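Fold and contact review
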Amino acid sequence: MTATYTWDVFSSLDGFGSASANWSGYWGKQGPELLDHRLDLYAEERRMVFGATTFREFVEMLASSAEDSDVRDAWVTRMRNMPTTVVSSTLREPLDWPNATVVSGDAVDVVGQLKEESDVPLRSHGSLSLNRALMAAGLVDRVQVTLFPVITGQTGQSPIFKGAKDFDLELVEHRTLDGHIQELIYRPTLH
């Protein structure tokens, strides 16, 4: 049996994964419902999968944040303690992350093998170029987009689907959190 792979990504309405200037984490739109829901997503065991860039960004954000910052929300702490595979040809162990291992090689091969061998679902948060390649290879079973009610046309960074192939998306689940954040879960199929 193959493990399910979910690509989890936060997005502005105009498709950016982050923004510069005076935007805070979650674009300042988080509320208790979102944070509780995120914590519930990590209640069951799963294996996290990151590319090197996102992994480095997480490590840097956590290292430079205060204990009470939104970077250290309870769900992030729980995610950080999950077994983690980092696909990278540049990072070396030991990593400043519990239960993390580095696997070098082609991401499609690495994740394909993980899907075959894992007893728990696989999940990736961010890791844009890694997950675009995995989607193109048909390895992403679900795309979970948490859509924040902002447009970051002038300050948007990290366009989520830039350079991606064309996909048809079947909506399999959706919810509204805190009255204004949309969570949309799709099953992607190459168009």
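The structure under discussion appears in the preceding block.
Figured I'd write up the structure that's included with this text.

Evaluation of the coordinates by the stated rule reveals seven salt bridges. For the salt bridge of Arg 38 with Asp 8, the shortest nitrogen-to-oxygen distance reads 2.5 Å. Of this pair, Arg 38 sits in helix α1 (residues 32-41) while Asp 8 sits in strand β1 (residues 5-12); the two residues are 30 residues apart in sequence, bridging distant segments of the chain. Classification of Arg 38 as buried rests on a relative accessible area of 0%. Residue Asp 8 is classed as buried on the basis of its relative accessible area of 0%. Across the salt bridge formed by Arg 80 and Asp 96, the nearest N and O atoms sit 3.8 Å from each other. In this pair, Arg 80 sits in helix α3 (residues 74-80) while Asp 96 sits in the loop between β4 (84-87) and β5 (100-103), placing the two residues 16 residues apart along the sequence. A residue is classified by how much of its surface remains accessible, and Asp 96, at 53% relative accessible area, is exposed. What you see here is one network of salt bridges that share partners, running through Asp 8, Arg 38 and Arg 123.

Of the positions making up helix α4 (residues 107-117), those classed as buried are Ala 107, Val 110, Val 111, Gly 112, Leu 114 and Lys 115. Residues of α4 that are buried sit in contact with β1, β3 (47-51), β4, β5, β6 (122-125) and α5 (128-136). The backbone nitrogen of Val 108 has a side-chain oxygen 3.1 Å away, supplied by the residue at the start of α4, namely Asp 106.

Time to look at the packing of aromatic side chains. The way to describe two aromatic rings as a pair is by their centre distance and the angle between their planes. Counting across every chain of the model gives twelve aromatic pairs. With centroids separated by 5.6 Å and ring planes inclined at 70°, the aromatic side chains of Trp 7 and Phe 161 adopt a geometry described as edge-to-face. Of this pair, Trp 7 sits in strand β1 while Phe 161 sits in the loop between β8 (156-159) and β9 (167-177), placing them 154 residues apart in sequence. With relative accessibility at 0%, the residue Trp 7 sits in the buried group. Owing to a relative accessible area of 41%, Phe 161 belongs among the partly exposed residues under this scheme. Note on Phe 50 and Phe 55: the rings are 6.5 Å apart at their centroids and 45° apart in plane angle, and the pair reads as tilted. Given the relative accessible area of 0%, Phe 50 is considered buried. Taken together, the ring pairs connect Phe 10, Tyr 26, Trp 27, Tyr 42, Trp 75 and Phe 148 into an aromatic cluster. Of note, Arg 38 hangs over the ring of Trp 75, and the distance from its end group to the ring centre comes to 4.3 Å. Sitting over the face of the ring of Trp 97, Arg 80 holds its NZ or CZ atom 5.4 Å from the ring centroid.

What counts, and where the lines are drawn
The numbers attached to residues start from 1 for each chain and follow its sequence in the written order. Only residues with pLDDT of at least 70 get local features here, since the model is predicted, and only at 80 or more are side-chain atom pairs given and counted; chain-wide, interface and lining totals rely on the full set of residues. Side-chain metrics in this entry use all non-hydrogen atoms of the structure; hydrogen atoms and water are not considered. Each reported salt bridge corresponds to a side-chain nitrogen of Lys or Arg within 4 Å of a carboxyl oxygen of Asp or Glu. A run of H or I in DSSP counts as a helix once it spans at least four residues, and a run of E counts as a strand once it spans at least two, with each numbered from the N terminus. Summary of the burial criterion: residues with accessible area below 20% of their type's maximum are buried, those above 50% are exposed, and those between are partly exposed, where the area comes from a 1.4 Å probe applied to protein chains only. Two residues qualify as a contact provided that any one of their heavy atoms is within 4.5 Å of a heavy atom in the partner residue. A 3.5 Å cut-off defines polar contacts: any pair of N or O atoms within that distance qualifies, except that in protein one atom must be a possible hydrogen donor and the other a possible acceptor, and neighbouring residues in sequence count only when both atoms are side-chain atoms. What counts as a ring pair is set by centres within 6.5 Å for rings of Phe, Tyr and Trp (its six-membered ring), and what kind of pair is set by the plane angle: stacked under 30 degrees, edge-to-face over 60, tilted for all other angles. In this scheme, the term charge over a ring applies when either NZ of a lysine or CZ of an arginine sits within 6 Å of the ring centre and within 35 degrees of the ring normal.

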